Amino acid sequence: MLLIEASLYISHESVKDFWRHMENILQVGVISSVHGVHGEVKVFPTTSDPNRYKKLKEVILDTKKEQITLKVSGVKFFKQFVIVKFEGYDNPNDIEKYKGCSLYVTRENAVKLAKDEYFIADLIDIDVYDENGHIGVITDVIETGSNDVYVVKEDDGNELLLPAIKQCILDVNIEEGKMTVHVMDGLRD
């Protein structure tokens, strides 16, 4: 809704530039709260490997009004959170205003993917085909303990859950925006 409202005030080209930029950054966390008295924050990681924070030199903070590049000066772990210290933020009052804001990295700073691994952002809205043709688009990815599940909104409006296993996902071509699948018996019941 916010993008629609914003698009009333900016040109179509600006909207395309915004989405082009957003495709080049990937979310790695959300600031949950301040931590301690030295300007550290608790970050809920949105990456499959929170240990990646140990190697991060900088992140992009999205305040909803602007994007700020922050240098990471310290990282430690507490339960399901990553405690992050940013250079130049030494007081909790200076960083508290960013509670709820998302943290991103550029694709250049993203983790390297193994064969048959994909960023969730690249899978959303990809066209899905089976042996009979186009069946829908991916609208979400559910991360489970064993394998991911792709949520496909079918052309007829129904929702199909596809397990990300080799018997079901035959080919993924991110560049073409196309996934070829085999819908196994029982998945549409």
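In this report, we go over the structure that sits alongside the text. Every value quoted in this text rests on a predicted model; they were computed, and no experiment measured them.

Scoring rules and cut-offs
- One numbering rule holds for all chains: residues counted from 1, following each sequence as written.
- Note on the predicted model: pLDDT of at least 70 is required for a residue's local features to be given, and 80 or more for side-chain atom pairs to be given and counted; whole-chain, interface and lining totals, by contrast, use all residues.
- Based on all heavy atoms of the structure, the side-chain values leave hydrogens and waters out of the count.
- Secondary structure follows DSSP: runs of H or I at least 4 residues long count as helices, runs of E at least 2 residues long count as strands, and numbering of each begins at the N terminus.
- The criterion used for residue contact is that any of the two residues' heavy atoms lie within 4.5 Å.
- In this description, accessible areas are obtained by the Shrake-Rupley approach with a 1.4 Å probe, and a residue is regarded as covered only by the protein chains that are shown.
- Ring geometry is summarised as follows: Phe, Tyr and Trp rings, the Trp one being its six-membered ring, pair when their centres sit within 6.5 Å, and such pairs are stacked at plane angles under 30 degrees, edge-to-face over 60 and tilted between the two.
- The cut-offs for exposure are 20% and 50% of the maximum accessible area for each residue type, with area from a 1.4 Å probe on protein chains only; residues under the lower value are buried, those over the upper are exposed, and the others partly exposed.
- Note on criteria: charge over ring means Lys NZ or Arg CZ within 6 Å of the ring centre, with the direction from the centre no more than 35 degrees off the ring normal.
- To define a nonpolar core, start from buried Ala, Val, Leu, Ile, Met, Phe, Trp, Tyr and Cys residues and group those joined through side-chain atoms within 4.5 Å.
- Pairing between strands is defined by DSSP: at least two bridges between them are needed.
- Between the N-to-C directions of two axes lies an angle of 0 to 180 degrees, each axis being a line fitted to C-alpha atoms and, for a helix, fitted only over the stretch in contact.
- What counts as a salt bridge is simple: a side-chain nitrogen of Lys or Arg found within 4 Å of a carboxyl oxygen of Asp or Glu.

On to the overall build of the protein chain, then. Helix and strand counts for the protein chain come out as four helices and 12 strands. Contacts spanning at least 24 positions in sequence make up 48% of the contacts within the protein chain whose residues lie at least 6 apart. As displayed, the protein chain offers around 12,000 Å² of accessible surface, 50% of which is attributable to carbon and sulfur atoms.

What follows concerns the packing of aromatic side chains. Throughout the structure, instances matching the rule amount to two aromatic pairs. Ring geometry for Y89 and Y98: centres 6.2 Å apart, planes at 75°, overall edge-to-face. No difference in accessibility class separates Y89 from Y98, as the two residues are buried. One residue, K42, lies across the ring of F81, its end atom 5.3 Å from the ring centre.

Our next topic: the nonpolar core. V59, L61, V84, F86, Y98 and L103 are the most contacted members of the largest nonpolar core, which totals 23 residues. Looking at this core, the elements with two or more residues in it are β1 (25-35), β2 (40-45), β3 (58-62), β4 (67-78), β5 (81-86) and β6 (102-106). When sequence neighbours within four positions are dropped, the list of residues in contact with L103 reads L26, Q27, V28, G29, I31, V43, V59, I60, L61 and F86. Core analysis: the next-biggest nonpolar cluster, separate from the first, contains 16 residues, L123, V128, I138 and V183 among them.

Once that is clear, we can look at the pairing of strand β12 (residues 178-181). Residues of β12 alternate between two faces, with M179 and V181 buried on one and K178 and T180 left unburied on the opposite face. Bridge count for strand β7 (residues 127-130) against β12 is three bridges, and the pairing is parallel. Note on β12: the bridge partner recorded for V128 is M179.

Two pairing modes exist for strands in a sheet, parallel and antiparallel, and in both the strands are linked by backbone hydrogen bonds. Overall, mixed pairing links the six strands, which are arranged β10-β9-β8-β7-β12-β11 in an open sheet. Each edge of the sheet is formed by a strand with only one pairing partner; in this case those strands are β10 (159-163) and β11 (169-173). Here the strands of the sheet are splayed against their neighbours by 35° on average, with no regard to which way each runs.

Here we come to the pattern of salt bridges. Evaluation of the coordinates by the stated rule reveals five salt bridges. Taking the shortest distance from any N to any O, the salt bridge between K71 and E58 comes out at 3.8 Å. Of this pair, K71 sits in strand β4 while E58 sits in strand β3, and the two are 13 residues apart along the sequence. Judged by its relative accessible area of 31%, E58 is partly exposed. Across the pair R188 and E154 runs a salt bridge, and its minimum N-O distance is 2.6 Å. In this pair, R188 is assigned in the segment after β12 and E154 in strand β9 (residues 149-154), connecting sequence segments 34 residues apart. Classification of R188 by relative accessible area gives partly exposed; the value is 45%. For E154, a relative accessible area of 9% gives the class buried.

Bear in mind that shape data such as this cannot, by itself, settle questions of function.
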